[in-house]
Amino acid sequence: MKEVFYMEGYKMKTIPTFGYEIIRDHLLPSILGKHEEDVLYWAGKEIARKFPLFSMDELPSFFMEAGWGQLVLEKETKDELHYILLTTEEVPLNIVQRCFRLEAGFLAEQKQKQLGYLTECYEEKDNDKHVVKFTLKWDLKEKI
């Protein structure tokens, strides 16, 4: 059983990731059914509104603290960002089974809030490499 460590004052606590995996990989898909992708994308945007970041540089630490995996910026252009989400020993991800629209919605909303332009995020699973690729794209003609 894998555990997640977090700080509470000066004392380290451990919590099993099994409970999170049950909810994320089994319960939510069952409850949401064919609406899972849409609802999780909206939920990710809502989480970003509740936990706004000052800059996109904070994303990797937020992802690790949330138990979402290791996020790495792969490439940046004038109207796109490309990230890779890696599974780690501390945060094992069921990439084949899990829907990653929650993370995509979170990324889209963070960038949209910081940039001020309509932003969307698309994810693509690479099951062979055990990574998820996120592409954030914004429209400089659509000011929010």
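Residues numbered from 1 in each chain as written. Predicted model: local features only at pLDDT ≥ 70, side-chain atom pairs only at ≥ 80, totals over all residues. Heavy atoms only, no water.

K.L.:
What is the right way to read the overall build of the chain from this model?
P.N.:
From N to C terminus, the chain includes 4 helices and 6 strands. Burial status across the chain gives 38% buried among its 144 residues. Put simply, 57% of the contacts in the chain that link residues at least 6 apart link residues at least 24 apart. Accessible surface for the chain amounts to roughly 9000 Å². Of this, 56% is attributable to carbon and sulfur atoms. (Helix = DSSP H or I, 4+ residues; strand = E, 2+ residues; numbered from the N terminus. Buried < 20%, exposed > 50% of the residue type's maximum accessible area, 1.4 Å probe, protein only. Contact = heavy atoms within 4.5 Å. Areas by Shrake-Rupley, 256 points an atom, 1.4 Å probe, with all protein chains shown as cover.)

K.L.:
Looking at this model, I keep getting lost on the packing of helix H1 (residues 18–32) against helix H2 (residues 36–50). Mind explaining?
P.N.:
The description of two packed helices rests on the angle between their axes and on the distance between the axes. For the pair H1 and H2, interaxial distance at closest approach is 9 Å and the crossing angle is 115°. On the basis of their axis angle, the class for H1 and H2 is roughly perpendicular. Along the contact surface, H1 presents Leu28, Pro29 and Leu32, while H2 presents Glu36, Val39 and Leu40. Looking at the contact of H1 with H2 residue by residue, the class counts come to 5 nonpolar, no polar and 1 charged. (Axes fitted to C-alpha atoms, helices over the stretch in contact; angles between N-to-C directions. Parallel < 35°, antiparallel > 145°, perpendicular 65-115°, else oblique. Nonpolar A, V, L, I, M, F, W, Y, C, P; charged D, E, K, R; others polar.)

K.L.:
Whenever I open this one, the pairing of strand S6 (residues 131–143) confuses me. Can you help?
P.N.:
On a regular strand, one side chain projects to one face of the sheet and the next to the other, so that they alternate. Looking at chain direction, strand S4 (residues 80–86) and S6 are connected through 7 bridges and run antiparallel. Note that in S6 the partner of Leu86 across the bridge is Val131. Bridge count between strand S5 (residues 117–126) and S6: 9 bridges; the pairing is antiparallel. Looking across to S6, one finds that Tyr117 is bridged to Lys143. Linking S5 back to S6 in an antiparallel pair, the connection comprises 4 residues, with His130 at a positive phi of about 60°. (Pairing = 2+ DSSP bridges.)

K.L.:
I would appreciate a short explanation of the nonpolar core in the present structure.
P.N.:
In globular proteins that are soluble, nonpolar side chains generally tend to be buried together. Formed by 30 residues in total, the largest nonpolar core has its most connected members in Leu59, Phe63 and Phe134. Looking at this core, the elements that each hand over two or more residues are H2, helix H3 (59–66), S4, helix H4 (101–115) and S6. Among the elements that line this core, the one with the most residues is H4, at 5 residues. Ignoring any residue separated from it by four or fewer positions in sequence, one finds Leu59 in contact with Leu53, Leu71, Tyr83, Phe106, Leu107 and Gln110. (Core = buried A, V, L, I, M, F, W, Y, C linked by side-chain atoms within 4.5 Å.)

K.L.:
Could you clarify how one ought to interpret the sheet that holds strand S3 (residues 70–76) in this entry?
P.N.:
By way of backbone hydrogen bonds, the strands of a sheet pair with one another, either parallel or antiparallel. Ordered in space as S3-S4-S6-S5, the 4 strands form an open sheet in which the pairing is antiparallel. The outermost strands of the open sheet, each flanked by one partner alone, are S3 and S5. Taking the axes of each pair of neighbouring strands and ignoring which way they run, one obtains an average angle of 25° across the sheet. Contacting S3, S4, S5 and S6, H4 runs over the sheet at an angle of about 150° to S5.

K.L.:
What is the right way to read a nonpolar patch on the surface from this model?
P.N.:
A cluster of nonpolar side chains, namely Phe18, Ile22, Ile23, Leu27 and Ile31, defines an oily patch on the protein surface of about 480 Å² accessible area. The residue Leu27 is located in helix H1 in this model. (Patch = residues over 30% accessible without salt bridge, like charges linked within 9 Å, V, L, I, M, F, W, Y side chains within 5 Å. Salt bridge = Lys/Arg side-chain N within 4 Å of Asp/Glu carboxyl O.)

K.L.:
Could you clarify how one ought to interpret the side chain of Glu109 in this entry?
P.N.:
Tracing the backbone shows Glu109 in helix H4. When its relative accessible area of 4% is taken as the criterion, Glu109 is described as buried.

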